[in-house]
Amino acid sequence: MSTIASLRIGEMGYISEESLDLIPLKLLEMGCLPGAEVQLVQIAPLKDLLYICVNGSHLAIRKETAVQIQILKANL
Amino acid sequence: MSKNNIKVALIGNPNTGKTSLFNQLTGLNQKVGNYPGVTVDKKEGKSKLSATQNAIITDLPGTYSINPTSLDESIVLKTLLKKDIKESPDVILVVADVENLKRNLLLFSQIKDLEIPTVLAINMVDQMHKKGISIDLTALKEELNTEVVLISARKNQGIDKVKEAIIKCHVAAKATPMCDNNKIDPEYFEKLKAINPNFSLYELWLMVTQKNFPEGITKVQKEQLLSFNKDVSKLKKYQHKETIYRYQEINKILKKTYLVNKNAATDVRSRLDKIFTHKIFGYIIFLLVLLLIFQSIFDWSSVPMDFIDGAFANLSDFAKSNLPAGVFTDLIVEGIIPGIGGVLIFIPQIAILFMFIAILEETGYMSRVVFLMDKIMRRFGMNGKSIIPLISGTACAIPAIMATRTISSWKERLITILVVPFTTCSARLPVYAILIALIIPNKKILGFYNLQAFTLLMLYALGFLSAILAAYILQKTLKIKSSSFFVVEMPNYKIPSFKNVFLEVIEKTKAFVFEAGKIILALSIILWFLASNGPESFKNAEKNTIENIENKQLNKADLQQKIASAKLENSYIGIMGKTIEPAIKPLGYDWKIGIALITSFAAREVFVGTLATIYSVASDDEDTSTIKQKMRSEINPETGKKRFNFPVGMSLLVFYAFAMQCMATLAIVKRETKTWKWPLIQLFGMALLAYISSLITYQILS
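Note that the structure is predicted; figures quoted are calculated from it, not measured.

Conventions we followed
- Residues numbered from 1 in each chain as written.
- Chains lettered and ligands numbered in written order.
- Predicted model: local features only at pLDDT ≥ 70, side-chain atom pairs only at ≥ 80, totals over all residues.
- Heavy atoms only, no water.
- Helix = DSSP H or I, 4+ residues; strand = E, 2+ residues; numbered from the N terminus.
- Buried < 20%, exposed > 50% of the residue type's maximum accessible area, 1.4 Å probe, protein only.
- Contact = heavy atoms within 4.5 Å.
- Areas by Shrake-Rupley, 256 points an atom, 1.4 Å probe, with all protein chains shown as cover.
- Lys, Arg positive; Asp, Glu negative; His and termini not counted.
- Charge placed at Lys NZ, Arg CZ, Asp CG, Glu CD.
- 1 Å grid on protein atoms, 1.4 Å probe; cavity = no way out; pocket = protein on both sides within 12 Å on 5 of 7 lines; lining within 4 Å.
- Points joined across faces, edges and corners; volume = space filled by probe spheres on them.
- Salt bridge = Lys/Arg side-chain N within 4 Å of Asp/Glu carboxyl O.
- Nonpolar A, V, L, I, M, F, W, Y, C, P; charged D, E, K, R; others polar.
- Phe/Tyr/Trp six-rings, centres within 6.5 Å; stacked < 30°, edge-to-face > 60°.
- Lys NZ or Arg CZ within 6 Å of the ring centre and 35° of its normal.
- pLDDT = per-residue confidence, 0-100.
- Axes fitted to C-alpha atoms, helices over the stretch in contact; angles between N-to-C directions.
- Parallel < 35°, antiparallel > 145°, perpendicular 65-115°, else oblique.
- Pairing = 2+ DSSP bridges.
- Core = buried A, V, L, I, M, F, W, Y, C linked by side-chain atoms within 4.5 Å.
- Patch = residues over 30% accessible without salt bridge, like charges linked within 9 Å, V, L, I, M, F, W, Y side chains within 5 Å.
- Disulfide = S-S within 2.5 Å.
- Left-handed = near helix turned anticlockwise from the far one by under 90°.

Details of the overall build of chain B
When helices and strands are tallied, chain B shows 30 helices and 14 strands. Taking the principal axes of the C-alpha coordinates as reference, chain B spans close to 100 × 55 × 50 Å. Across the 702 residues in chain B, those meeting the buried criterion constitute 54%. Relative to all contacts within chain B whose residues are 6 or more apart in sequence, the contacts with residues 24 or more apart total 73%. A total accessible area of about 31,800 Å² is found for chain B, and carbon and sulfur atoms account for 61% of it. Charged side chains in chain B number 84 positive and 61 negative. The centres of these two groups are separated by 5 Å.

Written out as structure tokens, the structure reads:
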């Protein structure tokens, strides 16, 4: 199963319904909702902090959080 | 209409222009106070809504939700949950960013459910056209069942409409919830609602999830509410469900009222992001920004600093020659005026630094730095957001420590608080400046770089490296469990607003002057008292010096100086210096330097003033060159050579780099950590480090 962490820069995906309980409440509140389209904008040096765009929010999250959020890749 | 002021709470997501709106509504009419009970600054301002109606507007910290994850955000919850009836707002003004309306409405929906009259101000509507956004305002008002206004706070558009809406909302005072948690689990929430019908269901739900109980909840009810808290996984699940449910409701409303034409959107952001977050250019730009800041701090501040310095010296002279001679005049001329001057001299540097930090925050660049630095900072037990306090720390540790409030992990926040005092704050500068001038020759290395400036740069590097190293050690030794969840928003790039930057600089500088000023002023008065009073031997000092046969040949000026020295040696402070002399001798210091060490434990910059007094320079003369000359000609009686030779100077530099000599910082750390444990660890840990390092430095060099 792919997660946000397995996206490449510029790639998009949809957050899967199954990861609902694994998404921290705060992230959910910031728009990271199941079913939402998520794009990986940039990866920080040393491969951590992923800069994502979801539901109009531009957020930077840590890799440990990103690997918990499962996605369905867009054009696959 | 009520003659009383309407209490308005201003609330919104970060980066929505909340500060701009606050500044437009209140102008210079604002002040920073403390929340009763919780010691976190609150910004309040008065705003004239109409000819007959005023409002007191409270600016609450920016937050994405009522459910707090950091100290900053918990203030919002506490204010809204009517903990104190007097403090609770009459009207809540929610600011939202037009581009991010969906997410902003989540917070709005939570607030609406508290059933307090609420006004929604949609900000940055001047951007609407460019972004291809259109809003059906009438329909939105109806759907949200509240006053909605479109504004552009930076361009000062729509502010009058906000004021009107506040009055309207206050008069009507009807407030209906937006979402009904009952839908999630009717049985569960009915039971919750039955506990106390005086509160809205959402308020009760917040009490359960946040364990925050306002007045009006009895002990029995509290127990009942806490019983809902037992099943943590259920609670979490319902919080998740609630959030999804809210977004569903918001989507339904926005579908009818809000339209975005994505093709119209231009993308400056992604192009700038590519440069600022680049793995090589990103760091180079950050480094250049830092260099620019430090360069400016030194270059731009020297003229106003010299001016302040000169003005206070003149003021002292003026007071001395115009006031009748006596104890009281001495106190003013030798204690109070130099004391105040000692604080005010830092204003230029601090203001410049705060200006840069405000600009970096306003433009949105700071978030990019957080993005670049998080992983690196994490290796040292801190977090990307720690970079802001560490940079601010080079002006003053006090605002830097307050800036850690946005860090949600307690361990990372605590480590940041503990290491911030290692960074070279502006109070160390006068000490460094005078010591460097004494021991480092003023010549060029490599043909162009000034050796003195290079030494200063090395001291800055030393401060930063020791902060990082201390953080690493603390990370390994502190056994604190705290969640490491981290998220930071990457806001849109913006051109900073002059008004916002200006007001921020004024407010922060004012806070510094008063926080640090009180202590420095009090201390210089105490120091003056201890230096001009003493036991029996002090009173006889003058007579003994005059009667001493060796002094009979001296001319009048030299005799006066001898008397002053003898008096100091026998004053209370002199006795204190003598007492600690054995302990500091291995570091190369004598009792006179010892006095300066004692007094500068309250504030580092007192060092120079103390030495000025001690070396019987007329202490109303703050001109460093005379102090410098006195220090240069001070002889060590044991060796017959200069007191401030290279080993002693270096040993002192190292001591001041490490020692925690700032009472104001200790007080702030106590305030922020809510215990004396951490400031005391900081004080003794850093003092020990300073002592050992200086000992090694002196012993190796001499």
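So, next bit.
Some words on empty space enclosed by the protein
Unoccupied space between atoms shows up once a probe the size of one water molecule is rolled over them. All names here are of chain B. Counted according to the given criterion, the structure contains 5 cavities of 30 Å³ or more. Of the pockets and cavities examined, the second largest cavity occupies roughly 60 Å³. What lines the second largest cavity is a set of 11 residues, among which I297, Q349, T394, A395 and S426 lie closest to the centre. Where the lining of the second largest cavity is concerned, the elements lending two or more residues are α12 (281-322) and α14 (347-363).

Description of the interface of chain A and chain B
Accessible area lost on assembly of the parts is the figure often given for the size of an interface. Each side of the interface is counted separately: chain A has 32 residues, and chain B has 40 residues. Summed over the shared surface of chain A and chain B, the number is 6 salt bridges. A salt bridge links B:D374 to A:R62, with the shortest nitrogen-to-oxygen separation between them at 3.0 Å. A breakdown of the residues in the side of chain A that touches chain B according to their chemical character gives 19 nonpolar, 7 polar and 6 charged.

A closer look at the packing of aromatic side chains
All names here are of chain B. All told, the structure shown has 16 aromatic pairs over all chains when counted by the stated rule. Taken together, a centroid distance of 5.1 Å and an interplanar angle of 70° make the contact between F189 and W205 edge-to-face. Placement of the pair is F189 in helix α7 (residues 186-193) and W205 in helix α8 (residues 201-210), with a sequence separation of 16 residues. On the basis of relative accessibility, which here comes to 1%, the residue W205 falls in the buried class. Measuring from ring centre to ring centre gives 5.2 Å for F276 and Y365, while their planes differ by 70°; the resulting arrangement is edge-to-face. One end of the pair, F276, is in helix α11 (residues 268-276); the other, Y365, is in helix α15 (residues 365-379), and 89 residues separate them in sequence. We classify Y365 as buried; its relative accessible area is 6%. Sitting above the plane of the Y493 ring, R368 keeps its charged end 4.1 Å from the centroid. Over the ring of F486 we find K385, and its NZ or CZ is 5.1 Å from the ring centre.

Considering the confidence of the model for chain B
In the predicted model, chain B carries a mean pLDDT of 85, and 93% of its residues have values of at least 70. Ignoring residues within four places in sequence, the model shows residues 616-625 of chain B, a span with pLDDT below 50, making 22 contacts including any to other chains.

Remarks on the packing of helix α18 (residues 410-419) of chain B against helix α29 (residues 663-673) of chain B
All names here are of chain B. Between α18 and α29, the shortest axis-to-axis distance is 11 Å and the interhelical angle comes to 175°. The angle between α18 and α29 places the two elements in the roughly antiparallel class. For the pair formed by α18 and α29, the contact residues are W410, R413, L414 and I417 on the first element and V669, E672 and T673 on the second. Broken down by class, the residue content of the contact of α18 with α29 amounts to 4 nonpolar, 1 polar and 2 charged.

Brief notes about the sheet that holds strand β4 (residues 57-61) of chain A
Spatially, 6 strands are ordered β5(A)-β1(A)-β2(A)-β3(A)-β4(A)-β12(B) in an open sheet, and the strand pairing comes out antiparallel. Each end of this open sheet is capped by a strand with a single partner; those strands are β5 (71-73) of chain A together with β12 (487-489) of chain B. Within this sheet the neighbouring strands show an average axis-to-axis angle of 35°, counted without direction. Here strand β2 (residues 37-43) of chain A runs beside strand β3 (residues 50-54) of chain A; their pairing, made up of 5 bridges, is antiparallel. Along β3(A), the bridge assignment pairs A:L40 with A:I52. In the packing of α15(B) onto the sheet, the strands contacted are β2, β3 and β4 of chain A together with β12 of chain B, and the crossing angle to β3(A) comes to about 130°.

Remarks on the nonpolar core
B:I387, B:V419, B:Y589, B:F644 and B:L652 are the most contacted members of the largest nonpolar core, which has 108 residues in total. In this structure, A:L25, B:V76, B:I195 and B:L204 belong to the second largest nonpolar core, which totals 81 residues.

Looking at the pattern of salt bridges
The final tally for this structure, using the stated rule, is 29 salt bridges over all chains. The closest approach of N and O atoms between A:D48 and B:R378, which form a salt bridge, is 2.7 Å. Here the residue A:D48 occupies a position in the loop between β2 and β3, and B:R378 occupies one in helix α15, the pair thus bridging two chains. Assessed through its relative accessible area of 4%, A:D48 is described here as buried. Notably, a salt bridge pairs B:R368 with B:D273, separated by 2.8 Å at the nearest N-O pair. With B:R368 in helix α15 and B:D273 in helix α11, this residue pair connects regions lying 95 residues apart in the sequence. Look at B:D273 and you get buried, because its relative accessible area is 4%.

Overview of a nonpolar patch on the surface
Residue and element names in this part refer to chain B. Taken together, the side chains of I275, I280, F281, I284, L287, L288 and L291 present a nonpolar region at the surface, about 700 Å² in accessible area. Considering every element that reaches the nonpolar patch, the biggest residue donor is α12, with 5 residues. By the secondary structure assignment, F281 is in helix α12.

Here's the deal with the state of the cysteines
Note on terminology: a disulfide is the covalent bond linking the sulfur atoms of two cysteines. If you walk through the whole model with that rule in mind, you get 0 disulfides over all chains. No disulfide involves A:C32; its nearest neighbouring cysteine sulfur is the one of A:C53, lying 11 Å away.

Structural notes on the packing of α18(B) against helix α20 (residues 451-477) of chain B
Residues and elements named next belong to chain B. For the pair α18 and α20, the least separation of the axes is 9 Å and the interaxial angle reads 140°. With respect to their mutual orientation, α18 and α20 come out oblique. The two elements α18 and α20 cross, and the hand of that crossing is right-handed. The residues of α20 that touch α18, namely those facing K411, I415, L418 and V419, are A467, A470, A471, L474 and Q475. Of the residues that constitute the contact of α18 with α20, the class distribution is 7 nonpolar, 1 polar and 1 charged.

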